[in-house]
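# Inside the fold
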Amino acid sequence: MTVTIVGTQLGDEGKGALVDRYGGAADVVVRYQGGDNAGHTVVEDGEEYALSLVPSGAIRGKTGVLGNGCVVNPETLFDELDALHDRGLDPDVRVARRAHVILPYHRRLDGIEEEAKAEDGEAIGTTGRGIGPTYEDKAGRRGVRVGDLTDPDVLREKLEYVVPQKRAVIEEVYGLEAGAECDVDALHEQYAEYGRRLADEGMLVDCGPFLAERRAAGDNLVFEGAQGTLIDVDHGNYPFVTSSNPTAGGATTGTGLGPTVVGDGEVVGVVKAYLSRVGSGAMPTELDGGDHEEALASDIRERGGEFGTVTGRPRRIGWLDVPVLRHAARVNGLTGISLNHLDVLGGLDELAVGHAYELDGDVIETVPATAEQWARCEPVRREFEPWPDVDWDAVAAEGYEALPEAAKTYVEYVEAETGVEVYAVGVGPDRAQTIERVDPWERVD
Ligand code: IMP
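Residues numbered from 1 in each chain as written. Predicted model: local features only at pLDDT ≥ 70, side-chain atom pairs only at ≥ 80, totals over all residues. Heavy atoms only, no water.

Following the sequence through the fold, Leu 342 ends up in the loop between strand 15 (336–340) and strand 16 (351–359). For the pair Leu 342 and Ala 116, spaced 226 residues apart in the sequence, the C-alpha separation amounts to 40 Å. With residues near it in sequence (within four places) discarded, Leu 342 still touches Ala 273, Trp 387, Trp 392, Leu 403, Ala 407, Tyr 410, Val 411, Val 425, Gly 426 and Val 427. (Helix = DSSP H or I, 4+ residues; strand = E, 2+ residues; numbered from the N terminus. Contact = heavy atoms within 4.5 Å.)

Given below as C-alpha coordinates:
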(Lines give C-alpha, C1' and ligand atoms only; values in the text may rest on other atoms or scores of the structure.)
Protein backbone atom coordinates (compact mmCIF):
# COMPACT_ATOMS: atom_id res chain seq x y z
CA MET A 1 0.00 0.00 0.00
CA THR A 2 1.07 3.59 -0.31
CA VAL A 3 1.17 6.72 1.80
CA THR A 4 2.02 9.99 0.06
CA ILE A 5 3.32 12.82 2.19
CA VAL A 6 3.11 16.36 0.87
CA GLY A 7 3.90 19.83 2.15
CA THR A 8 0.74 21.95 2.28
CA GLN A 9 2.42 25.33 2.66
CA LEU A 10 5.67 26.85 1.42
CA GLY A 11 8.05 24.01 2.26
CA ASP A 12 9.76 23.35 5.58
CA GLU A 13 6.61 22.04 7.23
CA GLY A 14 8.51 19.23 8.95
CA LYS A 15 7.88 16.52 6.37
CA GLY A 16 11.13 14.71 7.16
CA ALA A 17 10.03 13.79 10.66
CA LEU A 18 6.68 12.49 9.39
CA VAL A 19 8.22 10.55 6.54
CA ASP A 20 10.55 9.07 9.06
CA ARG A 21 7.67 8.21 11.36
CA TYR A 22 5.44 6.64 8.72
CA GLY A 23 8.54 5.10 7.21
CA GLY A 24 8.63 2.77 10.20
CA ALA A 25 5.99 0.58 8.56
CA ALA A 26 7.28 1.23 5.05
CA ASP A 27 9.69 -0.83 3.06
CA VAL A 28 10.49 1.75 0.41
CA VAL A 29 10.60 5.54 0.65
CA VAL A 30 10.51 7.34 -2.68
CA ARG A 31 11.22 10.95 -3.51
CA TYR A 32 9.33 11.93 -6.65
CA GLN A 33 10.51 15.47 -7.43
CA GLY A 34 13.03 18.15 -6.60
CA GLY A 35 16.69 17.68 -5.86
CA ASP A 36 19.20 18.88 -3.31
CA ASN A 37 17.11 22.01 -2.68
CA ALA A 38 15.05 19.93 -0.25
CA GLY A 39 16.60 20.32 3.16
CA HIS A 40 15.13 17.90 5.64
CA THR A 41 16.20 17.27 9.18
CA VAL A 42 15.64 13.92 10.80
CA VAL A 43 16.25 13.34 14.49
CA GLU A 44 16.93 9.76 15.48
CA ASP A 45 17.87 8.86 19.07
CA GLY A 46 18.93 12.43 19.65
CA GLU A 47 21.21 12.35 16.58
CA GLU A 48 20.38 14.97 14.00
CA TYR A 49 20.76 14.25 10.29
CA ALA A 50 20.48 17.17 7.89
CA LEU A 51 19.92 15.81 4.41
CA SER A 52 19.13 17.51 1.15
CA LEU A 53 18.89 14.66 -1.34
CA VAL A 54 18.95 11.24 0.30
CA PRO A 55 15.37 10.25 1.16
CA SER A 56 14.92 10.56 4.91
CA GLY A 57 13.57 7.01 5.28
CA ALA A 58 16.92 5.68 4.14
CA ILE A 59 18.47 6.50 7.51
CA ARG A 60 16.15 3.94 9.08
CA GLY A 61 17.25 1.03 6.98
CA LYS A 62 14.53 1.40 4.32
CA THR A 63 15.18 1.38 0.61
CA GLY A 64 15.30 5.03 -0.49
CA VAL A 65 14.54 5.81 -4.12
CA LEU A 66 15.10 9.01 -6.07
CA GLY A 67 12.34 8.77 -8.64
CA ASN A 68 12.34 9.80 -12.27
CA GLY A 69 10.76 13.15 -11.36
CA CYS A 70 13.85 14.13 -9.37
CA VAL A 71 16.87 16.11 -10.48
CA VAL A 72 20.00 14.57 -9.07
CA ASN A 73 23.32 16.17 -8.29
CA PRO A 74 25.60 13.12 -8.03
CA GLU A 75 28.20 15.11 -6.11
CA THR A 76 25.70 15.91 -3.34
CA LEU A 77 24.36 12.38 -3.41
CA PHE A 78 27.77 10.80 -2.85
CA ASP A 79 28.79 13.43 -0.28
CA GLU A 80 25.66 12.67 1.75
CA LEU A 81 26.09 8.92 1.41
CA ASP A 82 29.76 9.12 2.41
CA ALA A 83 28.87 11.26 5.44
CA LEU A 84 26.20 8.74 6.49
CA HIS A 85 28.70 5.90 6.08
CA ASP A 86 31.11 7.82 8.32
CA ARG A 87 28.39 7.94 10.97
CA GLY A 88 27.97 4.20 10.82
CA LEU A 89 24.90 3.99 8.56
CA ASP A 90 24.68 1.98 5.36
CA PRO A 91 21.70 3.40 3.49
CA ASP A 92 20.20 1.53 0.53
CA VAL A 93 19.59 4.27 -2.05
CA ARG A 94 18.43 3.71 -5.63
CA VAL A 95 18.29 6.28 -8.39
CA ALA A 96 15.94 6.25 -11.37
CA ARG A 97 17.67 6.05 -14.73
CA ARG A 98 15.05 8.51 -16.02
CA ALA A 99 15.88 11.16 -13.41
CA HIS A 100 17.75 14.20 -14.73
CA VAL A 101 21.28 15.15 -13.75
CA ILE A 102 22.18 18.54 -12.32
CA LEU A 103 25.44 19.59 -13.93
CA PRO A 104 27.75 22.40 -12.84
CA TYR A 105 26.49 24.70 -15.62
CA HIS A 106 22.97 24.44 -14.16
CA ARG A 107 24.18 25.76 -10.84
CA ARG A 108 26.17 28.51 -12.50
CA LEU A 109 23.16 29.60 -14.55
CA ASP A 110 20.88 29.48 -11.50
CA GLY A 111 23.20 31.98 -9.81
CA ILE A 112 23.60 34.17 -12.87
CA GLU A 113 19.89 34.39 -13.52
CA GLU A 114 19.12 35.17 -9.90
CA GLU A 115 21.70 37.96 -9.90
CA ALA A 116 20.29 39.41 -13.08
CA LYS A 117 16.77 39.34 -11.65
CA ALA A 118 17.97 40.82 -8.36
CA GLU A 119 19.10 43.93 -10.23
CA ASP A 120 15.42 44.56 -10.99
CA GLY A 121 14.33 43.44 -7.53
CA GLU A 122 12.77 40.31 -9.01
CA ALA A 123 14.93 37.50 -7.63
CA ILE A 124 13.05 34.30 -6.78
CA GLY A 125 15.43 33.55 -3.91
CA THR A 126 16.28 30.09 -5.22
CA THR A 127 18.49 27.72 -3.28
CA GLY A 128 21.12 28.14 -6.01
CA ARG A 129 21.30 24.38 -6.57
CA GLY A 130 20.58 24.52 -10.30
CA ILE A 131 17.09 23.08 -9.92
CA GLY A 132 15.25 25.42 -12.32
CA PRO A 133 17.85 25.25 -15.12
CA THR A 134 17.89 21.43 -14.92
CA TYR A 135 14.11 21.16 -15.24
CA GLU A 136 14.28 23.68 -18.09
CA ASP A 137 16.65 21.37 -19.94
CA LYS A 138 14.39 18.41 -19.19
CA ALA A 139 11.40 20.17 -20.73
CA GLY A 140 13.63 21.53 -23.50
CA ARG A 141 14.67 17.96 -24.39
CA ARG A 142 18.34 18.71 -23.95
CA GLY A 143 18.83 17.26 -20.47
CA VAL A 144 21.23 14.55 -19.37
CA ARG A 145 19.53 11.68 -17.61
CA VAL A 146 21.08 9.53 -14.90
CA GLY A 147 20.98 6.55 -17.27
CA ASP A 148 23.14 8.50 -19.76
CA LEU A 149 26.00 8.63 -17.25
CA THR A 150 26.68 4.94 -17.74
CA ASP A 151 27.12 5.22 -21.50
CA PRO A 152 30.25 7.30 -22.18
CA ASP A 153 29.44 7.81 -25.87
CA VAL A 154 25.91 9.01 -25.23
CA LEU A 155 27.14 11.23 -22.42
CA ARG A 156 29.76 12.82 -24.66
CA GLU A 157 27.28 13.36 -27.48
CA LYS A 158 24.83 15.07 -25.12
CA LEU A 159 27.46 17.26 -23.52
CA GLU A 160 28.86 18.26 -26.89
CA TYR A 161 25.40 19.35 -27.95
CA VAL A 162 24.36 21.22 -24.83
CA VAL A 163 27.52 22.75 -23.38
CA PRO A 164 28.17 25.19 -26.27
CA GLN A 165 24.63 26.48 -25.75
CA LYS A 166 25.32 27.10 -22.08
CA ARG A 167 28.60 28.80 -22.94
CA ALA A 168 26.81 31.05 -25.38
CA VAL A 169 24.21 32.03 -22.80
CA ILE A 170 26.85 32.81 -20.19
CA GLU A 171 29.09 34.73 -22.54
CA GLU A 172 26.79 36.28 -25.10
CA VAL A 173 23.59 36.84 -23.16
CA TYR A 174 25.10 37.74 -19.79
CA GLY A 175 28.54 38.96 -20.95
CA LEU A 176 30.35 36.81 -18.39
CA GLU A 177 33.21 34.41 -18.71
CA ALA A 178 32.45 30.70 -18.90
CA GLY A 179 34.63 28.52 -16.70
CA ALA A 180 35.13 24.90 -15.72
CA GLU A 181 31.37 24.31 -15.83
CA CYS A 182 31.64 24.46 -19.63
CA ASP A 183 34.64 22.19 -20.08
CA VAL A 184 33.22 19.18 -21.94
CA ASP A 185 36.21 16.90 -21.36
CA ALA A 186 36.37 17.56 -17.64
CA LEU A 187 32.60 17.18 -17.26
CA HIS A 188 32.68 13.97 -19.22
CA GLU A 189 35.41 12.48 -17.07
CA GLN A 190 33.78 13.45 -13.79
CA TYR A 191 30.21 12.45 -14.69
CA ALA A 192 31.16 9.17 -16.39
CA GLU A 193 32.91 8.33 -13.13
CA TYR A 194 29.70 9.06 -11.20
CA GLY A 195 27.92 6.76 -13.66
CA ARG A 196 30.43 3.99 -12.94
CA ARG A 197 29.98 4.40 -9.22
CA LEU A 198 26.18 4.36 -9.48
CA ALA A 199 26.36 1.19 -11.56
CA ASP A 200 29.03 -0.50 -9.44
CA GLU A 201 27.10 0.12 -6.28
CA GLY A 202 23.90 -1.29 -7.81
CA MET A 203 22.05 1.98 -7.34
CA LEU A 204 20.44 2.36 -10.76
CA VAL A 205 16.81 1.33 -11.26
CA ASP A 206 13.98 1.66 -13.73
CA CYS A 207 11.82 3.33 -11.15
CA GLY A 208 8.29 2.38 -12.29
CA PRO A 209 8.92 -1.35 -12.75
CA PHE A 210 11.10 -1.47 -9.62
CA LEU A 211 8.34 0.04 -7.48
CA ALA A 212 5.58 -1.95 -9.13
CA GLU A 213 7.42 -5.14 -8.31
CA ARG A 214 7.99 -4.14 -4.72
CA ARG A 215 4.32 -3.22 -4.41
CA ALA A 216 3.20 -6.50 -5.97
CA ALA A 217 5.37 -8.31 -3.43
CA GLY A 218 3.32 -6.64 -0.68
CA ASP A 219 5.75 -3.90 0.28
CA ASN A 220 4.53 -0.61 1.73
CA LEU A 221 5.65 2.47 -0.17
CA VAL A 222 5.96 6.04 1.08
CA PHE A 223 6.05 8.79 -1.53
CA GLU A 224 7.94 11.67 0.00
CA GLY A 225 7.11 15.09 -1.43
CA ALA A 226 9.75 17.79 -1.09
CA GLN A 227 8.96 21.53 -0.86
CA GLY A 228 5.29 22.49 -0.60
CA THR A 229 2.03 23.11 -2.43
CA LEU A 230 2.48 26.89 -2.67
CA ILE A 231 5.82 26.49 -4.42
CA ASP A 232 4.48 23.94 -6.92
CA VAL A 233 5.21 25.10 -10.47
CA ASP A 234 1.52 24.69 -11.41
CA HIS A 235 -0.41 25.26 -8.20
CA GLY A 236 1.93 27.58 -6.36
CA ASN A 237 2.67 31.27 -6.25
CA TYR A 238 4.17 31.38 -9.76
CA PRO A 239 6.85 32.57 -10.55
CA PHE A 240 8.05 32.37 -6.91
CA VAL A 241 8.04 28.61 -7.08
CA THR A 242 10.32 25.66 -7.54
CA SER A 243 10.31 24.02 -10.97
CA SER A 244 8.59 20.73 -10.14
CA ASN A 245 5.29 19.39 -8.76
CA PRO A 246 5.56 18.81 -5.01
CA THR A 247 1.79 18.18 -4.95
CA ALA A 248 0.38 14.66 -4.91
CA GLY A 249 0.03 14.48 -8.71
CA GLY A 250 3.82 14.58 -8.87
CA ALA A 251 3.89 11.28 -7.02
CA THR A 252 2.53 9.55 -10.09
CA THR A 253 4.46 11.30 -12.87
CA GLY A 254 7.60 11.28 -10.74
CA THR A 255 7.60 7.55 -9.97
CA GLY A 256 6.08 5.74 -12.90
CA LEU A 257 3.10 4.44 -10.92
CA GLY A 258 -0.36 5.55 -11.99
CA PRO A 259 -2.76 7.93 -10.22
CA THR A 260 -4.93 5.03 -9.14
CA VAL A 261 -2.00 3.68 -7.13
CA VAL A 262 -1.49 6.97 -5.33
CA GLY A 263 -5.25 7.51 -4.98
CA ASP A 264 -5.73 4.04 -3.63
CA GLY A 265 -3.52 4.95 -0.70
CA GLU A 266 -3.47 7.77 1.81
CA VAL A 267 -2.32 11.33 1.07
CA VAL A 268 -1.19 13.11 4.22
CA GLY A 269 -0.51 16.84 4.17
CA VAL A 270 2.01 18.26 6.58
CA VAL A 271 0.95 21.57 8.11
CA LYS A 272 3.11 23.73 10.32
CA ALA A 273 1.03 25.50 12.99
CA TYR A 274 2.32 28.82 11.65
CA LEU A 275 3.83 29.78 8.31
CA SER A 276 7.40 30.18 7.15
CA ARG A 277 8.88 31.08 3.81
CA VAL A 278 12.36 31.14 2.36
CA GLY A 279 12.82 33.27 -0.68
CA SER A 280 10.72 35.99 -2.21
CA GLY A 281 7.04 36.21 -2.93
CA ALA A 282 3.80 37.14 -1.22
CA MET A 283 2.98 36.04 2.29
CA PRO A 284 -0.25 37.73 3.40
CA THR A 285 0.00 36.60 7.02
CA GLU A 286 3.68 37.56 7.41
CA LEU A 287 4.56 39.08 10.78
CA ASP A 288 6.44 42.09 9.48
CA GLY A 289 4.24 45.03 10.46
CA GLY A 290 6.39 46.96 12.92
CA ASP A 291 8.50 46.22 15.98
CA HIS A 292 5.92 44.19 17.90
CA GLU A 293 5.22 41.79 15.03
CA GLU A 294 8.89 41.52 14.17
CA ALA A 295 9.73 40.61 17.77
CA LEU A 296 7.00 37.97 17.67
CA ALA A 297 8.38 36.61 14.38
CA SER A 298 11.88 36.51 15.76
CA ASP A 299 10.71 34.66 18.86
CA ILE A 300 8.92 32.04 16.75
CA ARG A 301 11.89 31.81 14.38
CA GLU A 302 14.30 31.12 17.23
CA ARG A 303 12.06 28.64 19.01
CA GLY A 304 11.13 26.84 15.82
CA GLY A 305 14.71 26.81 14.48
CA GLU A 306 13.46 28.51 11.34
CA PHE A 307 16.70 28.77 9.43
CA GLY A 308 17.15 27.05 6.07
CA THR A 309 18.58 23.52 6.25
CA VAL A 310 20.20 23.97 2.86
CA THR A 311 21.10 27.66 2.86
CA GLY A 312 21.03 28.66 6.55
CA ARG A 313 18.87 31.67 5.62
CA PRO A 314 16.49 32.96 8.31
CA ARG A 315 12.96 32.11 7.24
CA ARG A 316 10.19 34.69 7.06
CA ILE A 317 7.48 33.99 9.63
CA GLY A 318 3.70 34.48 9.57
CA TRP A 319 0.49 33.26 11.16
CA LEU A 320 -1.15 30.12 9.84
CA ASP A 321 -2.69 30.93 6.47
CA VAL A 322 -5.95 29.00 6.21
CA PRO A 323 -6.78 29.79 2.55
CA VAL A 324 -3.46 28.09 1.73
CA LEU A 325 -4.61 24.99 3.60
CA ARG A 326 -7.97 24.87 1.82
CA HIS A 327 -6.13 25.13 -1.51
CA ALA A 328 -3.70 22.37 -0.50
CA ALA A 329 -6.48 20.07 0.71
CA ARG A 330 -8.10 20.23 -2.73
CA VAL A 331 -5.01 20.17 -4.95
CA ASN A 332 -3.56 17.16 -3.15
CA GLY A 333 -6.81 15.37 -2.37
CA LEU A 334 -5.65 15.11 1.23
CA THR A 335 -7.00 12.25 3.29
CA GLY A 336 -5.22 13.36 6.46
CA ILE A 337 -3.17 16.15 8.02
CA SER A 338 -0.18 16.10 10.31
CA LEU A 339 -0.17 19.38 12.26
CA ASN A 340 3.31 20.20 13.53
CA HIS A 341 5.13 22.63 15.75
CA LEU A 342 2.25 23.30 18.17
CA ASP A 343 4.88 23.47 20.91
CA VAL A 344 6.62 26.40 19.20
CA LEU A 345 3.49 28.53 19.66
CA GLY A 346 3.17 27.56 23.36
CA GLY A 347 3.38 30.48 25.78
CA LEU A 348 2.80 33.30 23.27
CA ASP A 349 0.77 36.29 24.51
CA GLU A 350 -1.28 36.37 21.37
CA LEU A 351 -2.25 33.97 18.64
CA ALA A 352 -4.07 34.49 15.37
CA VAL A 353 -4.58 32.90 11.98
CA GLY A 354 -5.38 34.32 8.56
CA HIS A 355 -8.86 32.82 8.23
CA ALA A 356 -9.61 34.34 4.81
CA TYR A 357 -8.38 37.16 2.56
CA GLU A 358 -9.78 40.47 1.55
CA LEU A 359 -9.04 41.16 -2.09
CA ASP A 360 -10.37 44.24 -3.86
CA GLY A 361 -13.25 44.53 -1.39
CA ASP A 362 -14.25 40.85 -1.57
CA VAL A 363 -13.65 38.23 1.07
CA ILE A 364 -12.20 35.05 -0.43
CA GLU A 365 -11.41 31.77 1.26
CA THR A 366 -8.83 30.29 -1.04
CA VAL A 367 -5.67 31.33 -2.88
CA PRO A 368 -6.08 33.50 -6.00
CA ALA A 369 -4.41 32.34 -9.22
CA THR A 370 -1.87 35.10 -9.76
CA ALA A 371 1.08 36.25 -7.71
CA GLU A 372 -0.05 39.86 -8.14
CA GLN A 373 -3.47 39.13 -6.67
CA TRP A 374 -2.02 37.07 -3.85
CA ALA A 375 0.34 39.93 -3.00
CA ARG A 376 -2.66 42.27 -2.68
CA CYS A 377 -4.54 39.96 -0.32
CA GLU A 378 -5.03 41.27 3.20
CA PRO A 379 -5.57 38.59 5.82
CA VAL A 380 -8.92 38.45 7.61
CA ARG A 381 -7.59 37.53 11.01
CA ARG A 382 -9.18 35.28 13.55
CA GLU A 383 -7.85 35.43 17.09
CA PHE A 384 -7.27 32.30 19.15
CA GLU A 385 -6.61 31.83 22.80
CA PRO A 386 -2.89 31.04 23.15
CA TRP A 387 -1.97 27.85 24.96
CA PRO A 388 0.67 27.67 27.67
CA ASP A 389 4.12 26.21 27.24
CA VAL A 390 3.82 22.84 28.96
CA ASP A 391 5.91 19.72 29.34
CA TRP A 392 5.51 18.59 25.75
CA ASP A 393 7.28 15.28 26.31
CA ALA A 394 4.70 14.42 28.92
CA VAL A 395 1.89 15.50 26.58
CA ALA A 396 3.35 13.40 23.77
CA ALA A 397 3.57 10.40 26.07
CA GLU A 398 -0.04 10.78 27.27
CA GLY A 399 -1.64 11.47 23.92
CA TYR A 400 -4.10 13.86 22.33
CA GLU A 401 -6.32 14.32 25.37
CA ALA A 402 -3.35 15.74 27.29
CA LEU A 403 -2.99 18.71 24.92
CA PRO A 404 -3.99 22.06 26.43
CA GLU A 405 -7.66 22.79 25.60
CA ALA A 406 -6.74 25.87 23.54
CA ALA A 407 -4.42 23.76 21.39
CA LYS A 408 -7.20 21.22 20.81
CA THR A 409 -9.49 24.04 19.71
CA TYR A 410 -6.86 25.07 17.16
CA VAL A 411 -6.46 21.52 15.86
CA GLU A 412 -10.20 21.08 15.50
CA TYR A 413 -10.51 24.44 13.73
CA VAL A 414 -7.98 23.25 11.12
CA GLU A 415 -10.03 20.08 10.62
CA ALA A 416 -13.27 22.00 10.25
CA GLU A 417 -11.84 24.48 7.73
CA THR A 418 -10.08 21.93 5.52
CA GLY A 419 -12.56 19.11 5.89
CA VAL A 420 -9.58 16.84 6.55
CA GLU A 421 -8.94 14.83 9.67
CA VAL A 422 -5.82 15.65 11.69
CA TYR A 423 -4.03 12.32 11.92
CA ALA A 424 -1.04 13.49 13.93
CA VAL A 425 -0.01 16.43 16.08
CA GLY A 426 3.66 17.35 16.45
CA VAL A 427 4.87 18.85 19.72
CA GLY A 428 8.61 18.56 19.13
CA PRO A 429 11.13 17.51 16.50
CA ASP A 430 11.79 13.97 17.71
CA ARG A 431 9.75 11.09 16.38
CA ALA A 432 8.52 10.35 19.91
CA GLN A 433 7.15 13.89 20.13
CA THR A 434 4.37 13.25 17.64
CA ILE A 435 0.92 12.33 18.92
CA GLU A 436 -0.66 9.92 16.53
CA ARG A 437 -4.47 9.92 16.35
CA VAL A 438 -4.85 7.85 13.19
CA ASP A 439 -2.28 5.50 11.68
CA PRO A 440 -2.62 5.84 7.89
CA TRP A 441 -1.27 2.34 7.33
CA GLU A 442 -4.27 0.99 9.21
CA ARG A 443 -6.56 3.03 6.97
CA VAL A 444 -5.07 1.65 3.78
CA ASP A 445 -4.92 -1.98 4.85
P1 IMP B 1 14.70 26.39 -6.22
O2 IMP B 1 13.89 25.18 -5.90
O3 IMP B 1 16.08 26.35 -5.67
O4 IMP B 1 14.65 26.72 -7.69
O5 IMP B 1 14.01 27.65 -5.49
C6 IMP B 1 12.74 28.13 -5.90
C7 IMP B 1 11.92 28.58 -4.69
O8 IMP B 1 11.56 27.45 -3.92
C9 IMP B 1 12.66 29.53 -3.75
O10 IMP B 1 11.72 30.44 -3.19
C11 IMP B 1 13.18 28.59 -2.69
O12 IMP B 1 13.43 29.26 -1.48
C13 IMP B 1 12.03 27.62 -2.58
N14 IMP B 1 12.45 26.31 -2.09
C15 IMP B 1 13.12 25.36 -2.76
N16 IMP B 1 13.31 24.28 -2.00
C17 IMP B 1 12.75 24.54 -0.82
C18 IMP B 1 12.59 23.78 0.39
O19 IMP B 1 12.99 22.61 0.52
N20 IMP B 1 11.92 24.41 1.38
C21 IMP B 1 11.42 25.67 1.26
N22 IMP B 1 11.53 26.39 0.16
C23 IMP B 1 12.18 25.84 -0.87
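Let's shift gears to the nonpolar core. With 99 residues, the main nonpolar core has Leu 77, Leu 211, Leu 342, Leu 403 and Tyr 410 as its most contacted residues. Excluding its chain neighbours within four sequence positions, the residues that come into contact with Leu 211 are Val 28, Val 30, Val 65, Leu 221, Phe 223, Thr 255 and Leu 257. With 14 residues, the next largest nonpolar core counts Ala 26, Tyr 423, Ala 424 and Trp 441 among its residues. (Core = buried A, V, L, I, M, F, W, Y, C linked by side-chain atoms within 4.5 Å. Buried < 20%, exposed > 50% of the residue type's maximum accessible area, 1.4 Å probe, protein only.)

Our next topic: the site of the ligand. Surrounding the ligand, one finds 18 residues, the nearest of these being Asp 12, Asn 37, Thr 127, Thr 242 and Val 278. Residue Asp 12 places a side-chain N or O atom 3.2 Å away from a nitrogen atom belonging to the ligand. Within the side chain of Thr 242, a nitrogen or oxygen atom sits 2.6 Å from an oxygen atom of the ligand. Isolated, the ligand exposes 470 Å² of accessible area, and the fraction of that covered by the protein chains is 97%. When the residues that make up the shell around the ligand are grouped by side-chain class, the tally is seven nonpolar, nine polar and two charged. (Near = heavy atom within 4 Å. Polar contact = N/O pair within 3.5 Å; in protein donor to acceptor, adjacent residues only side chain to side chain. Areas by Shrake-Rupley, 256 points an atom, 1.4 Å probe, with all protein chains shown as cover. Nonpolar A, V, L, I, M, F, W, Y, C, P; charged D, E, K, R; others polar.)

Attention shifts here to the domain arrangement of the protein. As far as domains go, the protein holds domain 1 (2–96 + 203–263), domain 2 (101–198) and domain 3 (271–443). Distance between the C-alpha centres of domain 2 and domain 3: 37 Å. Contacts between the two partners involve six residues from domain 2, matched on the other side by five residues from domain 3. Together, the buried faces of domain 2 and domain 3 total about 370 Å²; carbon and sulfur atoms form 42% of this surface. Where domain 2 meets domain 3, there are three residue pairs in polar contact (both at pLDDT 80 or more). Per-class residue counts for the side of domain 2 that touches domain 3 are two nonpolar, three polar and one charged. (Domains from an automatic or database assignment. Buried area = accessible area lost by both parts, 1.4 Å probe.)

Below, the discussion takes up a negative patch on the surface. A contiguous patch of negative charge, built from Glu 115, Glu 119, Asp 120 and Glu 122, is present on the exposed surface. Position of Asp 120 among the secondary structure elements: in the loop between helix 3 (104–119) and helix 4 (131–139). Residue Asp 120 is classed as exposed on the basis of its relative accessible area, which comes to 58%. (Patch = residues over 30% accessible without salt bridge, like charges linked within 9 Å, V, L, I, M, F, W, Y side chains within 5 Å. Salt bridge = Lys/Arg side-chain N within 4 Å of Asp/Glu carboxyl O. Lys, Arg positive; Asp, Glu negative; His and termini not counted. Charge placed at Lys NZ, Arg CZ, Asp CG, Glu CD.)

Under the criterion given, the structure shown has 34 salt bridges. Between Glu 171 and Arg 167 there is a salt bridge, with its nearest N and O atoms 3.4 Å apart. In this pair, Glu 171 and Arg 167 are both assigned in helix 5 (residues 152–173), four residues apart and thus about one turn of the helix distant. Taking relative accessible area as the criterion, Arg 167 reaches 33% and is therefore assigned partly exposed. Put simply, Arg 316 and Glu 286 hold a salt bridge, and the shortest N to O gap is 2.9 Å. Note that Arg 316 is positioned in strand 13 (residues 316–318) and Glu 286 in the loop between strand 12 (275–277) and helix 10 (291–304), a separation of 30 residues in sequence. The partly exposed category is assigned to Arg 316, whose relative accessible area is 21%. Classification of Glu 286 as buried rests on a relative accessible area of 17%.

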